[in-house]
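Each chain, letter by letter, is given below.
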Amino acid sequence: MIEIGIEIEYLPYIITVLLIASIYAIFSLGLNLEWGFTGLVNFGHVAFLAIGAYTTVLLNLSGVPLILSVIAGVALAGLCGGLLGIPTLKLREDYLAIVTIGFAEIIRFFLLNEEWLTRGPMGVHVSSRPFEELIPGDYNFFLFPFVLGVLVICYLLLEKLVKSPWGRVLKSIREDEDVPASLGKNVFSYKIQALVLGSMIAGFAGSLLAFYLQYINPRNFMPIETFYAWIAVVLGGSGNNRGTILGAFILWAFFSGTRFAQGYLPFSPTQMGALRILFIGLLLILIMMFKPEGLLGKKEELTLTK
Amino acid sequence: MPMLSVHNVEKSFGGIKALDGCSLEIRKGAIVGIIGPNGAGKTTLFRIISGFEKPDSGTIVFNGEDIGGAASFEIARKGLIRTFQIPKALTKLTVEENLLLAPQFQYGERIWNVWLRPKDVKRQEAENIKKAHALLEFLGLLHLKHEYAGALSGGQKKLLEIARALMVDPKMLLLDEPFAGVNPTLALRILEWLKELRDRDNENDGITIMVIEHDMPKLMQLSDYIYVLNKGKVIASGAPEEVRANERVVEAYLGGA
Ligand SMILES: Nc1ncnc2c1ncn2[C@@H]1O[C@H](COP(=O)(O)OP(=O)(O)OP(=O)(O)O)[C@@H](O)[C@H]1O
Ligand SMILES: [Mg+2]
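Residues numbered from 1 in each chain as written. Chains lettered and ligands numbered in written order. Predicted model: local features only at pLDDT ≥ 70, side-chain atom pairs only at ≥ 80, totals over all residues. Heavy atoms only, no water.

Student: So what exactly am I meant to see when it comes to the overall build of chain A here?
Tutor: When you go through chain A residue by residue, the secondary structure sums to 13 helices and 2 strands. Its C-alpha atoms give chain A a radius of gyration of 20 Å, near enough to 19 Å, the size a compact globule of 306 residues would have. Dimensions of chain A, computed from the C-alpha atoms along their principal axes, are close to 65 × 50 × 35 Å. Long-range contacts, defined here as pairs at least 24 residues apart, represent 77% of the contacts in chain A between residues at least 6 apart. Accessible surface, chain A: about 13,900 Å² in total, of which carbon and sulfur atoms supply 72%. Looking at charge distribution, chain A has the averaged site of its 20 positive side-chain charges lying 6 Å from that of its 21 negative ones. (Helix = DSSP H or I, 4+ residues; strand = E, 2+ residues; numbered from the N terminus. Rg over C-alpha atoms; globule rule 2.2 N^0.38 Å. Contact = heavy atoms within 4.5 Å. Areas by Shrake-Rupley, 256 points an atom, 1.4 Å probe, with all protein chains shown as cover. Lys, Arg positive; Asp, Glu negative; His and termini not counted. Charge placed at Lys NZ, Arg CZ, Asp CG, Glu CD.)

Structure, rendered in structure tokens:
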């Protein structure tokens, strides 16, 4: 009897954790395409999550059908990715890293300050969610399989791409862009494509995040979100889509585990938040020491020299 | 009309004049050797012809088109392919993948084709794999096809460079010391084979080859014509026997050896 009681209580919690993990897995897959396969350093990935989320919610609020709002969010995220790439990707050095950090902060301050559009720090409520009126009971029980489906489709489409000649060009750019250039590949165009596609994926994750949160505000899009994606990618093994998904799930299992453990530990929530970051740092250090290629990465690759 | 003509090209790096009014002409179907002491500007010349470096002045015309200022990938698309003196193997790609990267305008290089025309992509990939295996077989690398290119030896990486360039079916090849570190027997076979490629009566009338090489006997055997570079200038040119007999060359290059 008691056991059944516990199960019923914990199921929504577990579903929620899996739901968030899936959204972050999608978000991280976008970064993995950029960094893991193409070698692009994007430190402002969260900007595209924010653009996807806000565009979807604000358009829908002003009467645009939900599906079109989502498409617009994805498209705008992709467009911004492309526009950031044009001035930076022609340069050999990692200007992209600097520009993307700045861009993510500009977007966040824009969301905070342009109250006429975004309602500033107050945030906006999500006016409708997919099939909401058809779902009885806990909406997350529908949203989780829906998001999981999106994750699987993203994964399959990306796997198809990275194993194709297109993906081969991306990897060659990551290894040494002089080689694809010497063979007639337009390196700049491929980098833009990777950045646009990666940003679109992040934008889509943003729409889904908004559906889960129901209420979004600029605090949801702090720079740390970008680094969660980085942790997922590095933890699982850069350039490995399955690893990235695994990384995202481990990260969120860890987050929820620590939240759960809080009841048993003598720390305040603020202390616990700091401890969590500390533990993530420790986890990364351990990975770098004992499995530097990431959980699903290939060890042989580390020993190769150029 | 020459296949390639380089006219009065100059290039300085700070105070160093790597190329100082360099001019040469290569006719279609020729195999032309470039020799010169270390630092003569040979690699710089290749980098400029292939668009990896912009000349300070001078013109470069390939197959009737001015390619002065064009991007490296655009020049490669016109059929002018270079290899690297220090081989650039894509280390985390397999040997086979290194070769499969090379063919131009593959269907599968477009996102939509990958998702919507997987059959065409696959068919073309299968053709390219066949071609890659034939090349690898010839170069004695076939058994390594699934190894990471980063695991190859220095000489094998040089072979990989040649194979990758040949996967393109280029109109013209720029080979930068292709035989350095390659075992002499194999080098001779490659040499013969390059000549065959040149003589092949295909739609391109065979291939035009420009090759930098320090190994004089090999270069004499391979080339129809030789340019001698010293301090960024052509100091002599002619058929291999003529060049060998030229006193200035002996002084600048052969004598020192
Ligand atoms: N990127 C560069 N920056 C500065 N100097 C350079 C650069 N590239 C070449 N040089 C200089 O230009 C000169 C010519 O170099 P280059 O590599 O063309 O010689 P090379 O004829 O190929 O010599 P080797 O036979 O040793 O390969 C050298 O003095 C070199 O130091
Ligand atoms: Mg050189």
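Student: Even after reading the chapter, I still don't get the coordination of the magnesium ion (ligand 2), so can you show me in this structure?
Tutor: Tetrahedral coordination by four donors puts the ideal angle at the metal at 109.5 degrees, and octahedral coordination by six puts it at 90 or 180 degrees. Residue and element names in this part refer to chain B. Looking at the magnesium ion (ligand 2), one finds its protein donor set to be Thr-43 (OG1) and Gln-85 (OE1), positioned 1.9 to 2.2 Å from the metal centre. Taken together, the positions of Thr-43 in helix 1 (residues 42-49) and Gln-85 in the loop between strand 6 (80-82) and helix 3 (95-100) put the pair 42 residues apart, joining distant regions of the chain. For Thr-43, a relative accessible area of 24% puts it in the partly exposed group. Judged by relative accessible area, Gln-85 falls into the partly exposed class, the value being 32%. (Donors = N, O, S within 2.8 Å, 3.2 Å for Na, K, Ca; no water. Buried < 20%, exposed > 50% of the residue type's maximum accessible area, 1.4 Å probe, protein only.)

Student: Looking at this model, I keep getting lost on the pairing of strand 1 (residues 4-13) of chain B. Mind explaining?
Tutor: Side chains on a regular strand alternate between the two faces of the sheet. All names here are of chain B. In the sheet, strand 1 pairs with strand 2 (residues 16-26) via 8 bridges, with the strands oriented antiparallel. What sits directly across from Lys-11, in strand 2, is Leu-19. From the end of strand 1 to the start of strand 2, which pair antiparallel, there are 2 residues, and Gly-14 there has a positive phi angle of about 55°. (Pairing = 2+ DSSP bridges.)

Student: What should I look at first to understand the pairing of strand 7 (residues 172-176) of chain B in this one?
Tutor: Residues and elements named next belong to chain B. Along strand 7, 5 of the 5 residues are buried, which leaves the element largely enclosed by surrounding structure. Burial along strand 7 is two-sided: Met-172, Leu-174 and Asp-176 and Leu-173 and Leu-175, pointing in opposite directions, are all buried. The pairing of strand 6 with strand 7 spans 3 bridges and is parallel. Bridge pairing in strand 7 places Arg-82 opposite Leu-174. Across 5 bridges, the pairing between strand 7 and strand 8 (residues 208-212) is parallel. Across the sheet, the residue bridging to Leu-173 is Ile-209, located in strand 8.

Student: Please clarify how the nonpolar core should be interpreted in this entry.
Tutor: Among soluble globular proteins, nonpolar side chains are generally buried collectively. Ranked by size, the top nonpolar core spans 143 residues in total, and within it Ile26(A), Phe48(A), Trp166(A) and Phe221(A) carry the most contacts. Looking at this core element by element, the count peaks at 14 residues for helix 9 (residues 187-213) of chain A. Split by domain, this core shows at least three residues from each of two domains, domain 1 (4-88 + 169-254) and domain 2 (90-151) of chain B. The residues touching Ile26(A), leaving out its near neighbours within four places in the chain, are Val147(A), Val150(A), Leu151(A), Cys154(A), Ile201(A), Ala205(A) and Leu208(A). Listed in part, the 28 residues of the second largest apolar core include Leu4(B), Ala30(B), Ile48(B) and Leu229(B). (Core = buried A, V, L, I, M, F, W, Y, C linked by side-chain atoms within 4.5 Å. Domains from an automatic or database assignment.)

Student: Quick question: what am I supposed to make of the side chain of Asp176(A) here?
Tutor: Looking at where Asp176(A) falls in the secondary structure, it is placed in helix 7 (residues 165-176). Owing to a relative accessible area of 16%, Asp176(A) belongs among the buried residues under this scheme. For Asp176(A), the contacting residues outside a window of four places in its chain are Lys88(B) and Leu90(B).

Student: Sorry, what's going on with the packing of aromatic side chains here?
Tutor: Each aromatic ring pair is specified by the distance between its two centres and by the angle formed by the two planes. Here the structure, examined in full by the defined rule, presents 19 aromatic pairs over all chains. Arranged with centres 5.4 Å apart and planes meeting at 55°, the rings of Phe43(A) and Trp230(A) form a pair that is tilted. Of the two residues, Phe43(A) sits in the loop between helix 1 (2-37) and helix 2 (45-61) while Trp230(A) sits in helix 10 (residues 224-236), which places them 187 residues apart along the sequence. On the numbers, 4.2 Å between centres and 35° between planes, the contact of Phe138(B) with Trp193(B) is tilted. Placement of Phe138(B) in helix 5 (residues 118-138) and of Trp193(B) in helix 7 (residues 184-199) is noted, with a sequence separation of 55 residues between them. The rings of Tyr24(A), Phe27(A), Tyr228(A), Trp252(A), Phe254(A), Phe255(A) and Phe279(A) are connected pair by pair, giving a single aromatic cluster. Above the plane of the ring of Phe52(B) lies Arg82(B), whose end atom (NZ or CZ) is 4.7 Å from the centre. Lying over the aromatic face of Tyr107(B), Arg117(B) brings its terminal NZ or CZ to 4.7 Å of the ring centre. (Phe/Tyr/Trp six-rings, centres within 6.5 Å; stacked < 30°, edge-to-face > 60°. Lys NZ or Arg CZ within 6 Å of the ring centre and 35° of its normal.)

Student: What is the right way to read the packing of helix 6 (residues 154-166) of chain B against helix 7 of chain B from this model?
Tutor: When two helices pack together, their arrangement is given by the angle between the helix axes and by the axis-to-axis distance. Residue and element names in this part refer to chain B. Two elements in contact, helix 6 and helix 7, have axes whose closest approach is 13 Å; the angle formed by their N-to-C orientations is 15°. When the axis of helix 6 is compared with that of helix 7, the two are roughly parallel. Crossing angle aside, the handedness with which helix 6 passes helix 7 is left-handed. Together, Leu-159, Ile-162 and Leu-166 of helix 6 and Leu-186, Ile-190, Trp-193 and Leu-197 of helix 7 make up the contact between the two elements. A per-class count over the contact of helix 6 with helix 7 returns 7 nonpolar, no polar and no charged. (Axes fitted to C-alpha atoms, helices over the stretch in contact; angles between N-to-C directions. Parallel < 35°, antiparallel > 145°, perpendicular 65-115°, else oblique. Left-handed = near helix turned anticlockwise from the far one by under 90°. Nonpolar A, V, L, I, M, F, W, Y, C, P; charged D, E, K, R; others polar.)

Student: Hey, could you run me through helix 11 (residues 241-261) of chain A in this one?
Tutor: An α-helix turns once every 3.6 residues. As a result, residues three or four positions apart point the same way. A rise of 1.5 Å per residue sets the reference length of helix 11 of chain A, with its 21 residues, at 30 Å; its end C-alpha atoms lie 30 Å apart and thus fit the reference within 8%. Near the N-terminus of helix 11 of chain A, the side chain that reaches the backbone nitrogen of Arg242(A), with its oxygen 3.1 Å away, is that of Asn240(A). (Expected span 1.5 Å × (residues − 1). Polar contact = N/O pair within 3.5 Å; in protein donor to acceptor, adjacent residues only side chain to side chain.)

Everything listed here is a matter of geometry and, on its own, says nothing about what the molecule does.
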